[in-house]
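Listed here are the chains, written in short residue letters.
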Amino acid sequence: MEQIAIDDAKQMKEEELFQKLHATSKGLSTDEAKKRLDQTGPNALPEENESPLLRFLRYFWGPIPWMIEIAAILSAIIGHWDDLIIISVLLIFNGLIGFWEEHKASNALSALKNQLALKARVLRDSSWSEIDSNELVPGDIIRIRLGDIIPADTKLLEGEYLSIDQAALTGESLPVNKKAGDVAYSGSVAKQGEMIALVVATGVNTFFGNTAKLVQSAGSVSHFQKAVMKIGDFLIFLAVGLAFVLIFVELYRGEKFLDLIQFILVLIIASIPVAMPAVLSVTMALGALALSKLKAIVSRLQSIEEMAGIDILCSDKTGTLTQNKLTMGEAVLFKASDDQELILAGALASKAENKDAIDLAVIGGLKDEKVLNDYHQTKFIPFDPVGKRTEAQITDHKGKSFAVTKGAPQIIMDLSKLSKEDTERADQIINEFASKGYRTIGVARSDRKDKWTFLGILPLYDPPREDSAETIHDAQEHGITVKMVTGDNVAIAREISGQLGMGRNIQPATELFGESGKEKRHGTARMIEKADGFAQVFPEHKYGIVQSLQEKDHLVGMTGDGVNDAPALKQADVGIAVSGATDAARAAADLILTAPGLSVITHAVEEARRIFERMNSYTIYRIAMTIDIMVFVVLAMISFNVYPLTAIMIILLSLLDDIPIMTIAYDNTYLSPTPVRWKMDRVLTVSTILGLLSVVQTFGLLYLGHKVFVMDPAHIQTAIFLQLVVGGHLLLFVTRNKKSMWRKPHPSWQLFSAILATQILAVLMTGFGWLVPQLPWKFIGMVWIYNLVWVQILDLVKLGTYHLLDQRPRYKRKRLRFVNQYLHPFIRR
């Protein structure tokens, strides 16, 4: 099947194109389209798939794998074959875990891409239908309208005009107006208008291919991940710093260089957060999977974490807070002779196949829709956010031509040049309807060019969704303030906002910003922060609203559905494309809702906060364990000139620690009732205190083994090994709950089972002498009793630390009140 280059299509006439593509203006048949699809392939760019073997081998290249590999080589050189085997197992284990998690994440992203596939309205078998854009073939007839990402290279055939943003393709900063006979590039965005077009090229044969990248790269790093990676860098710095101290001391004492370097490498490997990337990826992937079951698709995995911190949600009214099922009220007549004449004019200025809610409501107001068959719509100009009206050229069954328009009443009234008396009457009617929550549509007819007759006003009511009030209350209970954002007037917004319990302080956006829609007036940020909602909002106002709230240190979620909402969705900390959003809005959003309403967002916030708590507890645990292992081993070797652990024990310790840690992604967690943010000083304080206390705990066992039970060095090493395995996992139970470790939420069965299995394995290894010197069973029991006592101490210290940290802001407030009350008056004097 021949495809035509877009530059050639520019020069060719319609008839020539149809002839070359073996197509007609009536579109293709389904069978013919299938044949062409087999010949041309999908309308998509081919993806380069890296060999699974190469992806697997990448996990053996990098700073951490290099350290493990060097340790393995040194083990072979000095003849420590047991160490070599265990180190090799660790190396392969980390590679397999990373490869498997990447494979799962890749599959998850592929599934998301399928769910977010672009759609196209196509004329097949002489009727319009919606299909996935990757099924388009050359010769298809498609309809392009406001908000669409153009799915293929096309030649524009019919329609008034189309304003297209093709900056990403051609570098043109402003939208370009297109008319019949022009071409439109695949991947550009329709900003205004509506036209019929002929597909001339698809897939790799387009000018730029399908550039709409709806699922963003999983490689972008969020604020939370950056914080976690900084902690990882801190742990590596700590481990390497202590290692250098140890190397200097031991070489001074005459230790063999190769033996020492091998041990130090193994010690660093066990101390640094090797499992951190895998823990992050599996937690994010499971979070995205959980949200997809709630009808919310994550386009950027890391945005899940940012959702945990949003404290303000700016929500569209129509379709999100309301049902988006407009109901016709009682029409108010001006120049129309009766209700049906007024409704018919409004219906003729509509287009049913566009599935627009207002159009369908107006058409539904006709007693008999068959009356439309007597009229032919020769030209249709769709609604756009600037003009705020639709217009159609009509020819009736007698051949008489006239024009009809419907839209915002003020626009239609100005167009019709109403008298002062009629204007006052119309304004009064509009205000009365608005006070009851009705939306009003003005309708006019023109039998002569530029001479419009105002026929009347159609009231439409979009009632609140049944679950909206409960959902908003639920969001408020989660510490999130919901602010309404609507293009309707202040009266309508105030009525709906009041009904939903959101407050009635509605600010008109036109009074908050300058004429450009971006220039802020004096005091705008404070007014926006205190407002319950915003009315008469143009798309450019949304960006300013988000920016102003962010300047006040709020994390903002913003919903949107239109192409012009994209800048605001990008600017928001979490951009949310609501159900039924345009392709362009979905491309800009972090979260895409496939079900109407706000309840999905509150569920997403809950899931995000759970993920945050899992990562928080993991981070505290990881820092504390690094301090415990590194500080204890280094101090023990410097103070007592002994190896408290063998290299093989440290490797086994790393393996036994990392395996159950992976299941923390499934753990039950405390759900914060308020937005959560990353508090590094709090995390470092808690983890450092627990880590140093764990060092004391481990030294305590060393003292008991040496002085009380008079154990030989080999058995002391085994006891220390078991202590670090048991104490480490008990420490995880301590860090996963800010309250007492015995209180709810209890560990998930996955986490508990993984820890139980590793503990049983560690007991069997020490009891039967697998890879470590055998330890008598009574000493194993003693180690367990010792750790069970110490875990209570650690838990009490944790509770005390959190209590002091929680009290600190209160002390700061009291100190500030004291300063304001007593010191400031003295200073002024």
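What counts and how
- Residues numbered from 1 in each chain as written.
- Predicted model: local features only at pLDDT ≥ 70, side-chain atom pairs only at ≥ 80, totals over all residues.
- Heavy atoms only, no water.
- Helix = DSSP H or I, 4+ residues; strand = E, 2+ residues; numbered from the N terminus.
- Buried < 20%, exposed > 50% of the residue type's maximum accessible area, 1.4 Å probe, protein only.
- Contact = heavy atoms within 4.5 Å.
- Areas by Shrake-Rupley, 256 points an atom, 1.4 Å probe, with all protein chains shown as cover.
- Axes fitted to C-alpha atoms, helices over the stretch in contact; angles between N-to-C directions.
- Parallel < 35°, antiparallel > 145°, perpendicular 65-115°, else oblique.
- Left-handed = near helix turned anticlockwise from the far one by under 90°.
- Nonpolar A, V, L, I, M, F, W, Y, C, P; charged D, E, K, R; others polar.
- Expected span 1.5 Å × (residues − 1).
- Arc of directions from axis to C-beta.
- Patch = residues over 30% accessible without salt bridge, like charges linked within 9 Å, V, L, I, M, F, W, Y side chains within 5 Å.
- Salt bridge = Lys/Arg side-chain N within 4 Å of Asp/Glu carboxyl O.
- Lys, Arg positive; Asp, Glu negative; His and termini not counted.
- Charge placed at Lys NZ, Arg CZ, Asp CG, Glu CD.
- Phe/Tyr/Trp six-rings, centres within 6.5 Å; stacked < 30°, edge-to-face > 60°.
- Lys NZ or Arg CZ within 6 Å of the ring centre and 35° of its normal.
- pLDDT = per-residue confidence, 0-100.
- Core = buried A, V, L, I, M, F, W, Y, C linked by side-chain atoms within 4.5 Å.
- Pairing = 2+ DSSP bridges.

Colleague: Describe the overall build of the protein, and please don't skip the residues or the numbers.
Modeller: From N to C terminus, the protein includes 28 helices and 23 strands. Going through the 829 residues of the protein one by one, you find that 53% of them count as buried. Put simply, of all contacts in the protein between residues at least 6 apart along the chain, 72% involve residues at least 24 apart. For the protein, the accessible surface area stands at approximately 37,300 Å², while carbon and sulfur atoms represent 57% of it.

Colleague: Got a sec to walk through the packing of helix α25 (residues 680-708) against helix α26 (residues 713-735)? Specific residues and values, please.
Modeller: Here α25 crosses α26 at 150°, and the two axes come no closer than 10 Å. In terms of orientation, α25 and α26 fall into the roughly antiparallel class. For the pair α25 and α26, the sense of crossing is right-handed. Listed contacts from α26 to Leu690, Ser694, Gln697, Thr698, Leu701, Leu702, Gly705 and His706 of α25 are Ile716, Ala719, Ile720, Gln723, Leu724, Gly727, Leu731 and Thr735. For the contact of α25 with α26, a count of residues per class yields eight nonpolar, eight polar and no charged.

Colleague: Describe helix α15 (residues 420-435), listing the residues and the values that go with them.
Modeller: With 16 residues, α15 extends 22 Å between its outermost C-alpha atoms, agreeing within 8% with the 22 Å of an ideal straight helix rising 1.5 Å per residue. Of all the residues in α15, the buried ones are Ala426, Ile429, Ile430, Phe433 and Ala434. Considered in projection along α15, the buried side chains sweep an arc of 135° and stay on one side of the axis. Turned more than 90 degrees away from the buried face of α15 sit Lys420 and Glu421, all of them exposed. After α15 finishes, the residue glycine 437 shows a positive phi value of roughly 90°.

Colleague: Can you tell me about a negative patch on the surface, naming the residues and giving the values?
Modeller: Judged by side-chain charge, Glu330, Asp338, Asp339 and Glu341 come together as a negatively charged surface patch. Within the fold, glutamate 330 resides in the loop between β11 (327-328) and β12 (332-333).

Colleague: Which residues make up the packing of aromatic side chains, and what values go with them?
Modeller: Evaluated as defined, the whole model comprises twelve aromatic pairs. Each ring, one from phenylalanine 768 and one from tryptophan 777, has its centre 5.6 Å from the other, and the planes form 80°; the classification is edge-to-face. By relative accessible area, which is 47% here, phenylalanine 768 ends up partly exposed. Residue class for tryptophan 777 comes out partly exposed when judged on its relative accessible area of 45%. Among the aromatic residues, those joined into a ring-pair cluster are Phe433, Tyr438 and Tyr461. When the ring centre of tryptophan 128 is taken as origin, the NZ or CZ atom of arginine 143, which lies over that ring, is 4.3 Å away. Looking at arginine 425, its charged tip hangs above the ring of phenylalanine 334, at a distance of 4.2 Å from the centre.

Colleague: Break down the environment of leucine 123 for me, citing the residues and quoting the values.
Modeller: As for its placement among the helices and strands, leucine 123 is situated in strand β1 (residues 119-124). Placed 17 residues apart in sequence, leucine 123 and aspartate 140 show a C-alpha to C-alpha distance of 7.0 Å.

Colleague: Run through the confidence of the model for the protein, naming residues and quoting values.
Modeller: Mean pLDDT over the protein: 83, with 86% of residues reaching 70 or higher. Note that residues 210-221 has pLDDT below 50 and, in this model, 31 contacts with residues that lie over four places away or in other chains.

Colleague: Before we move on, could you go through unusual backbone geometry and cite the residues and values that matter?
Modeller: The omega angle of the peptide bond from lysine 744 to proline 745 is 0°, so this bond is cis rather than trans. Considering the arrangement of structural elements, one finds proline 745 in the loop between α26 and α27 (749-768). Phi at serine 126 takes a positive value of approximately 65°, unusual for a residue other than glycine. Turning to its location among the elements, serine 126 is positioned in the loop between β1 and β2 (127-132). Positive phi outside glycine occurs at aspartate 553, with the angle close to 65°.

Colleague: So, the nonpolar core: which residues are in play, and what are the values?
Modeller: Residues Ile304, Leu591 and Phe721 are the most contacted members of the largest nonpolar core, which totals 130 residues. The contact partners of leucine 591, leaving out residues within four places of it in the chain, are Leu291, Ala296, Ile297, Val298, Ser299, Met307, Gly575, Ile576, Ala577 and Ala604. Counting 26 residues, the second-largest nonpolar core is a separate cluster that includes Phe513, Ala566, Leu569 and Ala572.

Colleague: Describe the sheet that holds strand β23 (residues 591-593), and please don't skip the residues or the numbers.
Modeller: Overall, mixed pairing links the eight strands, which are arranged β9-β23-β22-β21-β10-β18-β20-β19 in an open sheet. In this open sheet, the two edge strands, each paired with only one partner strand, are β9 (296-298) and β19 (506-508). The average undirected angle you get between the axes of adjacent strands in this sheet is 20°. By the bridge criterion, three bridges tie β9 to β23 in an arrangement that is antiparallel. Counterpart to valine 298 in the pairing with β23 is leucine 591. The sheet strands contacting helix α23 (residues 599-640) are β9, β10 (312-316), β21 (556-560), β22 (574-577) and β23, and the helix crosses β23 at an angle near 145°.

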